[in-house]
Amino acid sequence: DQKEQVAGYLKKIMTSGNHLLSLINDVLDMSRIESGKIYLEEKPCSLPDILHGLRNIVQADVHAKQLELYMDAVDVMNEEIYCDRLRLNQILLNLLSNSVKYTPAGGVVSVKVTEKPGAPAGHATYEFCIKDTGIGMSEEFVARIFEPFERERNSTTSGIQGTGLGMAITKNIVDMMNGTISVRSKQGVGTEFIVVVTFRLCTEEREPQT
């Protein structure tokens, strides 16, 4: 009959289960990457759909932490592309989730997509900039951030769960897409990740997604 207590227990079970699932997925992904078993499946998809999906996934955490989230597209002329939506989403979600996780209440997280000039014919180059006003990282850690199992060890991050595999997985997927990823960060100021990837343009009519 103690409904509130039961609800609290169920919430803790759900949170623990989701955390365990994310740990297992990270380890499995890293294992697949190291054995060369991850492949990209390029299919027609829409950049606005991907960004809209990202916003929906992180919105609850953003609201719970009282953060401001901005998503902008700049000079994006070509919205329909061929890409592995699952893996592109994984890259952006890893970066965006980290920004939300390491930004204190009242902070700002932003995602900006810019179409850059100079892409080959039939292709477009996009820059994804994920920026936050979070706790930032030391220069020493930034130099190691894409190595597996690396996590910065300090009192501010010690209570935040993670495997230290997310950034290594992200870097490997960006490399598979022949893209680049860079990071700028300053402790107490915030962090900015920039991913640049070139995709083949999709000129055919897409089936509307249900």
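Look a little higher up for the structure.
Residues numbered from 1 in each chain as written. Predicted model: local features only at pLDDT ≥ 70, side-chain atom pairs only at ≥ 80, totals over all residues. Heavy atoms only, no water.

Enquirer: Sorry if this is basic, but what is going on with the overall build of the protein chain here?
Expert: Within the protein chain, the regular secondary structure consists of 5 helices and 7 strands. When the helices and strands of the protein chain are read in sequence order from the N terminus, they spell out α-β-α-β-β-α-β-β-α-α-β-β. Burial statistics for the protein chain: of 210 residues in total, 38% are counted as buried. (Helix = DSSP H or I, 4+ residues; strand = E, 2+ residues; numbered from the N terminus. Buried < 20%, exposed > 50% of the residue type's maximum accessible area, 1.4 Å probe, protein only.)

Enquirer: Would you mind showing me how to read the pairing of strand 3 (residues 80–83) here?
Expert: A regular strand carries its side chains on alternate faces of the sheet. Both strand 1 (residues 43–46) and strand 3 contribute to a ladder of 4 bridges, which runs antiparallel. Opposite Ser 46, over in strand 3, you have Glu 80 as the bridge partner. (Pairing = 2+ DSSP bridges.)

Enquirer: Got a minute to help me understand the packing of aromatic side chains in this structure?
Expert: Here a ring pair, both rings aromatic, is described through the centre-centre distance and the interplanar angle of the planes. Enumeration over the complete set of coordinates arrives at 1 aromatic pair. For the pair Tyr 126 and Phe 199, a centre-to-centre distance of 6.2 Å together with 35° between the ring planes defines the contact as tilted. Linking Tyr 126 in strand 5 (residues 123–132) with Phe 199 in strand 7 (residues 190–201), this pair joins segments that are 73 residues apart in sequence. What makes Phe 199 buried here is its relative accessible area of 4%. The ring of Tyr 82 carries Arg 200 above its face, with NZ or CZ at 4.0 Å from the centroid. (Phe/Tyr/Trp six-rings, centres within 6.5 Å; stacked < 30°, edge-to-face > 60°. Lys NZ or Arg CZ within 6 Å of the ring centre and 35° of its normal.)

Enquirer: Explanation requested: unusual backbone geometry in the structure shown.
Expert: Among all residues save glycine, negative phi is the norm, and among peptide bonds the norm is trans. Although it is not a glycine, Gln 66 adopts a positive phi angle of roughly 55°. Here Gln 66 lies in the loop between helix 2 (47–64) and strand 2 (68–74). Positioned with a positive phi, Asn 178 is a non-glycine residue whose angle comes to about 60°. Structurally, the position occupied by Asn 178 is in the loop between helix 5 (166–176) and strand 6 (180–186). Judged by relative accessible area, Asn 178 falls into the exposed class, the value being 71%.

Enquirer: What exactly am I supposed to notice about the nonpolar core here?
Expert: Most often, soluble globular proteins have nonpolar side chains that are buried together. In this structure, Leu 88, Leu 96, Tyr 126, Phe 128 and Phe 199 are the most contacted members of the largest nonpolar core, which totals 47 residues. Once residues lying within four places of it in the same chain are set aside, the contact partners of Leu 88 are Leu 47, Ile 50, Cys 83, Phe 128, Met 177 and Phe 199. (Core = buried A, V, L, I, M, F, W, Y, C linked by side-chain atoms within 4.5 Å. Contact = heavy atoms within 4.5 Å.)

Enquirer: Would you take a moment to explain the packing of helix 3 (residues 85–101) against helix 5 for this structure?
Expert: Between helix 3 and helix 5, the shortest axis-to-axis distance is 10 Å and the interhelical angle comes to 145°. Between helix 3 and helix 5 lies a crossing whose hand is left-handed. Mapping the contact onto sequence places Arg 87, Gln 90, Ile 91, Asn 94, Leu 95 and Asn 98 in helix 3 and Gly 166, Met 167, Ile 169, Thr 170, Ile 173 and Val 174 in helix 5. Here the residues of the contact of helix 3 with helix 5 are counted per class, giving 6 nonpolar, 5 polar and 1 charged. (Axes fitted to C-alpha atoms, helices over the stretch in contact; angles between N-to-C directions. Left-handed = near helix turned anticlockwise from the far one by under 90°. Nonpolar A, V, L, I, M, F, W, Y, C, P; charged D, E, K, R; others polar.)

Enquirer: What should I look at first to understand the pairing of strand 5 in this one?
Expert: The element strand 5 is largely enclosed, with a buried count of 8 among its 10 residues. Pairing geometry for strand 4 (residues 108–116) and strand 5, over 8 bridges, is antiparallel. Residue pairing across strands places Val 111 opposite Ile 130, the latter belonging to strand 5. Where strand 4 hands over to strand 5, the hairpin turn is made up of 6 residues, of which Gly 118 adopts a positive phi near 95°. Where strand 5 meets strand 7, 10 bridges bridge the pair, whose relative direction is antiparallel.

Enquirer: Any chance you could explain the packing of helix 2 against helix 3 here in plain terms?
Expert: Pairs of packed helices are described in terms of their axes, by the angle between the two and the distance that separates them. Interaxial distance between helix 2 and helix 3 falls to 10 Å at its minimum, and their mutual angle equals 35°. For the pair helix 2 and helix 3, the sense of crossing is right-handed. In contact with Leu 47, Asp 49, Ile 50, Leu 54, Ile 57, Val 58, Asp 61 and Val 62 of helix 2, helix 3 contributes Arg 85, Leu 88, Asn 89, Leu 92, Leu 93, Leu 96, Ser 97 and Val 100. Looking at the contact of helix 2 with helix 3 residue by residue, the class counts come to 11 nonpolar, 2 polar and 3 charged.

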